[in-house]
Amino acid sequence: MIGLLQRVSQAQVEVAGELIGAIERGLLVLVGVQPGDTEARADRLLERLLGYRVFPDADDRMNLSLRDIGGGLLLVPQFTLAADTRKGTRASFTSAAPPAEGERLFAYLVGQARIAHPLLATGRFGAEMRVTLVNEGPVTFWLEA
């Protein structure tokens, strides 16, 4: 699984003009699912997201995690993260999990996140979404599990 995390002061996602998820300070994570991904990989990604030290401490060093600051977590499915862009001028999506499997694993990740972290919002799998954010830093990391 792929998680593209961005440290944000705020982020939100809309579908058809309706706000479906929003957070204040925390992490916006775009989530991509690849063939062969499992629940164990989703669990590992979630653990890394919650514990990854991207927030500044009193000395302005990135030493604090999402858990440490009690920030929000916005998970947004994005199959294009798994695209193969090595050749040509159009991405291939053969390296992304089939939609049913991607939706199943994204739902699993969200379910586990609801248990582990109280401040959770999500996008909607398969929907045309409008995601807005204020990236702090900017700080952006690509995590794979």
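Residues numbered from 1 in each chain as written. Predicted model: local features only at pLDDT ≥ 70, side-chain atom pairs only at ≥ 80, totals over all residues. Heavy atoms only, no water.

### Side note on the pattern of salt bridges
So, point 1. Overall, the coordinates contain 5 salt bridges when judged by the stated rule.
So, point 2. Its salt-bridge partner being Arg104, residue Glu101 comes within 2.8 Å of it at the nearest N-O pair. Here the residue Glu101 and the residue Arg104 both occupy positions in helix α3 (residues 99-116), the gap between them amounting to 3 residues, near one helical turn.
So, point 3. When its relative accessible area of 27% is taken as the criterion, Glu101 is described as partly exposed.
So, point 4. When its relative accessible area of 37% is taken as the criterion, Arg104 is described as partly exposed.
So, point 5. Through salt bridges with shared partners, one network takes in Glu39, Glu101 and Arg104. (Salt bridge = Lys/Arg side-chain N within 4 Å of Asp/Glu carboxyl O. Helix = DSSP H or I, 4+ residues; strand = E, 2+ residues; numbered from the N terminus. Buried < 20%, exposed > 50% of the residue type's maximum accessible area, 1.4 Å probe, protein only.)

### Some details on the packing of aromatic side chains
So, point 1. One pass over the full model with this rule turns up 2 aromatic pairs.
So, point 2. With 5.5 Å between their ring centres and 70° between their planes, Tyr52 and Phe141 make a pair best called edge-to-face. In this pair, Tyr52 sits in the loop between α1 (39-51) and β4 (55-56) while Phe141 sits in strand β8 (residues 129-144), placing the two residues 89 residues apart along the sequence.
So, point 3. Taking relative accessible area as the criterion, Phe141 reaches 27% and is therefore assigned partly exposed. (Phe/Tyr/Trp six-rings, centres within 6.5 Å; stacked < 30°, edge-to-face > 60°.)

### Quick word on α3
So, point 1. In this model, α3 (18 residues) spans 25 Å end to end at C-alpha, consistent with the 26 Å of a helix rising 1.5 Å per residue.
So, point 2. Along α3, the residues classified as buried are Gly102, Leu105, Phe106, Leu109, Val110 and Ala113. Viewed end-on, α3 has its buried residues packed into an arc of 145°, placing them on one side of the element. Turned more than 90 degrees off the buried face of α3, the exposed positions are Ala100, Arg114 and Ile115.
So, point 3. Among the structural elements, β3 (26-32), α1, β6 (72-77) and β7 (120-122) are those in contact with the buried residues of α3. (Expected span 1.5 Å × (residues − 1). Arc of directions from axis to C-beta. Contact = heavy atoms within 4.5 Å.)

### Section: unusual backbone geometry
So, point 1. Backbone torsion omega between Gly137 and Pro138 reads 0°, so that peptide bond is classified as cis.
So, point 2. Along the chain, Pro138 turns up in strand β8.
So, point 3. The residue Ala16 is not glycine, and still its phi comes out positive at about 50°.
So, point 4. With respect to the helices and strands, the residue Ala16 is situated in the loop between β1 (2-15) and β2 (18-23).
So, point 5. In this structure Ala16 comes out as exposed when scored by relative accessible area, which is 80%.
So, point 6. Notably, Asp60 is not glycine yet its phi reads approximately 65°, a positive angle.
So, point 7. Inspection of the secondary structure assignment puts Asp60 in the loop between β4 and β5 (62-64).

### Thoughts on the environment of Ala83
So, point 1. Relative to the assigned elements, Ala83 resides in the loop between β6 and α3.
So, point 2. In the structure, Ala83 is positioned 10 residues away from Phe93 in sequence and 4.8 Å away in space, judged by C-alpha atoms.
So, point 3. In this view, Ala83 contacts Ala91, Ser92, Phe93 and Ser95; residues no more than four positions away in its chain are not counted.

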